[in-house]
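Structure at a glance
Each chain, letter by letter, is given below.
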Amino acid sequence: MTPANFDFHCHSVVSDGLLPPQDVARRAAANGVDLWALTDHDDLGGLAVARQAAEEAGMAFENGVEISIEWQGVPIHIVGLGFDAAHPVLSDSLNELRVGRIERAKRMGEAMAAIGIPGVYEGALCFATNPSLISRAHFARYMVSIGIARDVPGVFQHYLTPGKPGYVDHRWATLADAIGWITTAGGVAVVAHPGRYKMSGGDMRRFLDDFKDLGGQGLEVTCGSHSPDNVMHFARLARHYAFHASRGSDFHGPEESYVDLGKLPQLPEDLKPVWRLIC
Ligand code: AMP
Ligand code: MN
Ligand code: MN
Ligand code: MN
């Protein structure tokens, strides 16, 4: 089958999305998505429900995840697609990765208390359906709710990005870990939203060299945070590295995402779509 509208990047309440997995599935199908993956951060807990809801809506489904890593000091996200969700290497490693999130969240709470804003860890927890996946997005939503900033991007800008008072360092997985776990479980590793990373052109190439050497195969070319220039740039890099191209909205919720499920441009026609590797 050749999908007309695939979307391989989005989130549910299992991580920092705002809708339950079954509602994300229904929304994707209603928007015309015909091949879909749920890619919650560092957690596979929504996949079974998502698959069933996708089947009920007549939409093809692939397992997905978005793994948080750090490469040479830069936080990067690697999407895994089409893996066996029951494979212990992937699920056990993600369980370990999640343990560190709670501890980081407590340190974020302490850092905010130190500038006179107490209780944000406890507040953020109330916004997290899955406490083990507490994320900066939950902090941002809580801080908007108590009037610290007008909107979520405003909280990130002033408090939650490197150099700002609520940002704390954290040891994420390595690039080799994430690619290893995904490929061992039979999946394909894809670089998420490459246009978002603060890296020079040379560093991006060194990163993509490493990614390819370690077994990575895909690059998100069309995604919710890419400008038309980003799309052209990463299409060129996909051709250069012979990567398969992915497309994903990175939808988190109706109020928070600029791009809705399936509502983004098609991939440039000459690129090899990543679904060919897994469907
Ligand atoms: P974490 O994994 O806890 O570091 O949180 C990262 C999440 O926060 C991302 O997956 C996005 O959902 C969200 N996020 C990151 N940066 C921003 C930003 N500048 N504005 C809004 N949301 C952001
Ligand atoms: Mn997120
Ligand atoms: Mn991401
Ligand atoms: Mn994402």
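Now for a quick tour of the structure. Here the structure is a predicted model, which is why all the values come from computation and not from measurement. (Residues numbered from 1 in each chain as written. Chains lettered and ligands numbered in written order. Predicted model: local features only at pLDDT ≥ 70, side-chain atom pairs only at ≥ 80, totals over all residues. Heavy atoms only, no water.)

Considerations on the packing of helix α1 (residues 21-30) against helix α2 (residues 47-56)
Packing of α1 against α2 leaves a shortest axis separation of 8 Å and a crossing angle of 35°. Seen along the crossing, α1 lies across α2 with a hand that is right-handed. For the pair formed by α1 and α2, the contact residues are Pro21, Gln22 and Ala25 on the first element and Val49, Ala50, Ala53 and Ala54 on the second. Its residues assigned to classes, the contact of α1 with α2 comprises 6 nonpolar, 1 polar and no charged. (Axes fitted to C-alpha atoms, helices over the stretch in contact; angles between N-to-C directions. Helix = DSSP H or I, 4+ residues; strand = E, 2+ residues; numbered from the N terminus. Left-handed = near helix turned anticlockwise from the far one by under 90°. Contact = heavy atoms within 4.5 Å. Nonpolar A, V, L, I, M, F, W, Y, C, P; charged D, E, K, R; others polar.)

Describing the pattern of salt bridges
The final tally for this structure, using the stated rule, is 9 salt bridges. With a closest N to O distance of 3.1 Å, Arg26 and Asp23 form a salt bridge. A residue pair is termed a helical-turn pair when its members lie 3 or 4 positions apart in one helix, as Arg26 and Asp23 do in helix α1 at 3 residues. According to the relative accessible area criterion, Arg26 is partly exposed, its value standing at 48%. What makes Asp23 partly exposed here is its relative accessible area of 29%. (Salt bridge = Lys/Arg side-chain N within 4 Å of Asp/Glu carboxyl O. Buried < 20%, exposed > 50% of the residue type's maximum accessible area, 1.4 Å probe, protein only.)

What to know about the site of ligand 1
With respect to spatial proximity, the complete set of residues near ligand 1 consists of Asp16, His41, Arg101, Arg104, Ser135, Arg136, Val152, Pro153, Phe156 and His252. One nitrogen or oxygen atom from the side chain of His252 is found 2.8 Å from an oxygen atom belonging to ligand 1. Here ligand 1 has 500 Å² of accessible area as a free molecule, and 77% of this is covered by the chains. Of all the cavities here, the one that holds ligand 1 is the largest pocket. Elements that contribute at least two residues to the shell around ligand 1 include exactly α3 (88-114) and α6 (152-160). With 3 residues, the top contributor of residues to the shell around ligand 1 is α6. Taken together, the residues of the shell around ligand 1 break down into 3 nonpolar, 3 polar and 4 charged. (Near = heavy atom within 4 Å. Polar contact = N/O pair within 3.5 Å; in protein donor to acceptor, adjacent residues only side chain to side chain. Areas by Shrake-Rupley, 256 points an atom, 1.4 Å probe, with all protein chains shown as cover. 1 Å grid on protein atoms, 1.4 Å probe; cavity = no way out; pocket = protein on both sides within 12 Å on 5 of 7 lines; lining within 4 Å. Sits in = over half its atoms within 2 Å of the grid points.)

Description of the coordination of the manganese ion (ligand 4)
In this structure, His9 (NE2), His11 (NE2), Glu66 (OE) and Asp250 (OD) serve as the protein donors to the manganese ion (ligand 4), at separations of 2.1 to 2.2 Å. Linear spacing of the donor residues for the manganese ion (ligand 4) on their chain is H-x1-H-x54-E-x183-D. Between the manganese ion (ligand 4) and the manganese ion (ligand 2) the interatomic distance amounts to 4.6 Å. With His9 in the loop between β1 (6-7) and α1 and Glu66 in strand β3 (residues 60-71), the pair connects residues that are 57 residues apart, well separated along the chain. Of the two residues, His9 and Glu66, both sit in the buried class. (Donors = N, O, S within 2.8 Å, 3.2 Å for Na, K, Ca; no water.)

Concerning the sheet that holds β3
Here we have 7 strands laid out as an open sheet, ordered β1-β2-β3-β4-β5-β6-β7, and mixed in their pairing. Looking along the sheet, the strands with just one partner apiece sit at the ends: β1 and β7 (244-248). Bridge count for strand β5 (residues 188-191) against strand β6 (residues 218-223) is 2 bridges, and the pairing is parallel. Note that in β6 the partner of Val191 across the bridge is Leu219. Of the strands in this sheet, β3, β4 (74-81), β5 and β6 are in contact with helix α8 (residues 201-213), which crosses β5 at around 175°. (Pairing = 2+ DSSP bridges.)

Digging into unusual backbone geometry
Backbone geometry places Asp42, a non-glycine residue, at a positive phi of 55°. Residue placement: Asp42 occurs in the loop between β2 (35-38) and α2. The exposure class assigned to Asp42 is buried, which follows from its relative accessible area of 1%.

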